[in-house]
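What follows is the residue order along each chain.
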Amino acid sequence: MFAMGSAPPVFIGAEEVEKHLHRASLLLPALEAALANFSSGSAGGVAQPVRTVVPVHRHGGFLGVMPAYSAADDALTTKLVTFYEHKKDSSVPSHQATVLLFDPRNGSLKAVLDGSVITAKRTAAVSAIATKLLMPPFAEVLCILGAGVQAYSHYDIFTELFTFKEVRIWNRTKEKAVKFANSVNGPVQVCSSAQEAVTGADIIVTVTMATTPILFGDWVKPGAHINAVGASRPDWRELDDELMKNSVLFVDSRDAALTESGDVILSGAEIFAELGEVVKGTKPALPEKTTVFKSLGMAVEDAVAAKFVYDSWSAGN
Ligand SMILES: NC(=O)C1=CN([C@@H]2O[C@H](COP(=O)(O)OP(=O)(O)OC[C@H]3O[C@@H](n4cnc5c(N)ncnc54)[C@H](OP(=O)(O)O)[C@@H]3O)[C@@H](O)[C@H]2O)C=CC1
Ligand SMILES: O=C([O-])C1=[NH+]CCC1
């Protein structure tokens, strides 16, 4: 497991990761830089292949392998993430992840970190970066579709960074939406249908494991911004063709979107820009238009998040 002469790797479990990453917003500067570096090609110093995904057909699951090196951060990691169709009777989360952090100077394994908290927080932080850049001015209504792990992490950072007059939630299983509304620190309107939740919303977050559309262009207020976070398989959808084709489409990675995103591939929608290009200022944000940020999740986001946690842990914070 570790080379003779080098220190054994440390294990940093979920509680410790949570302690060092108590607010996802702590990651914003590092993630903004990582997105910009990723979208700068070789000059940006990010080496990150499109993730390898192994289907576990027999059990309705997938194993994703996500390696990355960021020269700017000198961070070398790989995340292993499993995601499984949710079984109603299961107490096991649908997504489970581990991040391996290596010493980039010699390849020694330095740390094994719980990756589930990192995945929840860095994904929400990237959606927040997209929202800051792409949302309409005077956004007042936030709508979340889904009530799982990502719904909570998105709620936390969105209500920390932005001010809303109203926050709405819809979930396939209404009791979970009610539980969500009762457990977060602020008023949340539970809606009985996705259409009711979406109508008039300025910012929409889709965080479901749906495989067919749950959000339709017909319902969406012109000028709204959508963070489409679920549907990470080439035959899965959260958004319908109308919404995909009539919005300005931003992605985290062009290569990943054209390989993994059913919403992008099956709709044939044209990608306008990577989010990193907007962060760098080489592509405009167009906040006056209806915008979709199709997020698939990138290994470099895990790399900078894991390094942040490891550095904080090492410093004894
Ligand atoms: N872009 C990125 O970087 C990342 C994306 N993701 C994706 O985000 C999504 C949410 O992840 P997470 O919160 O961890 O998952 P959870 O399992 O915690 O929550 C899943 C949510 O999806 C709902 N759901 C499941 N199936 C359907 C369906 N067919 N139609 C409508 N709603 C459905 C569930 O509703 P119910 O309560 O009724 O079961 C639940 O609210 C997933 O698609 C995941 O792959 C995750 C990590 C990173
Ligand atoms: O980036 C990520 O970890 C994932 N994206 C979709 C499933 C898991």
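Along each chain, residue indices are assigned from 1 in the same order as the chain's sequence is written. Written order decides the labels, with chains lettered from A and ligands numbered from 1. Totals for whole chains, interfaces and linings use every residue, but because this is a predicted model, local features are given only for residues with pLDDT of at least 70 and side-chain atom pairs only at 80 or more, for both listing and counting.

The name that an unreviewed UniProt entry assigns to the protein is Ketimine reductase mu-crystallin, with the source organism given as Melopsittacus undulatus. UniProt positions are given in the numbering used here, feature names are shortened, and annotations may be inferred rather than shown by experiment. Word for word, the UniProt comment on the protein under Subcellular location (unreviewed entry) is "Cytoplasm". If you open the UniProt record of the protein and go to Sequence similarities (unreviewed entry), you find "Belongs to the ornithine cyclodeaminase/mu-crystallin family."

A. Representation of the overall build of the protein. In DSSP terms, a helix is any run of H or I states spanning at least four residues, a strand is any run of E spanning at least two, and both are numbered starting from the N terminus. Across its full length, the protein holds 11 helices and 15 strands. Throughout, radius of gyration means the C-alpha value; the globule benchmark is 2.2 Å times the number of residues raised to the power 0.38. For the protein, the C-alpha radius of gyration of 19 Å lies close to 20 Å, the compact-globule estimate for 317 residues. Principal-axis analysis of the C-alpha atoms places the extent of the protein at approximately 60 × 45 × 40 Å. Each residue is classed by its C-beta neighbour count within 10 Å, where at least 20 other C-beta atoms makes it buried, 12 or fewer makes it exposed, and intermediate counts make it partly exposed; the C-beta atoms are placed from backbone geometry. Here the protein holds 317 residues, and 48% of them are scored as buried. Residues are treated as contacting if the C-beta atoms built from their backbones sit within 7 Å of each other. Expressed as a percentage of contacts within the protein between residues at least 6 apart in sequence, the contacts between residues at least 24 apart total 67%.

B. Quick peek at the site of ligand 2. Around ligand 2 sit G64, V81, F83, H95, T119, S232, L296 and G297, and those are all the residues in its vicinity. Three categories are distinguished: nonpolar for Ala, Val, Leu, Ile, Met, Phe, Trp, Tyr, Cys and Pro, charged for Asp, Glu, Lys and Arg, and polar for the others, with Gly belonging to the last. Grouping the constituent residues of the shell around ligand 2 by class yields three nonpolar, five polar and no charged. No fewer than three residues from each of domain 1 (10-118 + 300-314) and domain 2 (120-299) sit in the shell around ligand 2. Should the C-beta atom of a residue, placed from the backbone, lie within 6 Å of a molecule or strand, that residue is near it. Boundaries of every domain are those given by an automatic assignment or by a domain database.

C. Structural detail: unusual backbone geometry. With a phi close to 60 degrees, F138 is a non-glycine residue in the positive phi region. By the secondary structure assignment, F138 is in the loop between α3 (116-134) and β8 (141-145). Within the chain, L286 stands out as a residue other than glycine whose phi angle is a positive 55 degrees. Looking at the element boundaries, L286 is found in the loop between α10 (275-280) and β15 (291-294).

D. Up close: the domain arrangement of the protein. In terms of domain boundaries, the protein breaks down into domain 1 (10-118 + 300-314) and domain 2 (120-299). Measuring from the centre of the C-alpha atoms in domain 1 to the corresponding centre in domain 2 gives 21 Å. Between domain 1 and domain 2, the contact holds 33 residues from the first and 26 residues from the second. Counting residues per element, the side of domain 1 that touches domain 2 draws most heavily on helix α2 (residues 28-38), at six residues.

E. Here's a closer look at the sheet that holds strand β12 (residues 225-228). Here eight strands make up an open sheet; going across it, the order is β10-β9-β8-β11-β12-β15-β13-β14 and the pairing parallel. Unpaired on one side and paired on the other, β10 (189-190) and β14 (271-274) mark the two borders of the sheet. Bridge count between strand β9 (residues 166-170) and β10: two bridges; the pairing is parallel. Within β10, the residue paired with I169 across the bridge is V190. Here a strand pair is declared whenever DSSP counts at least two bridges between the two strands.

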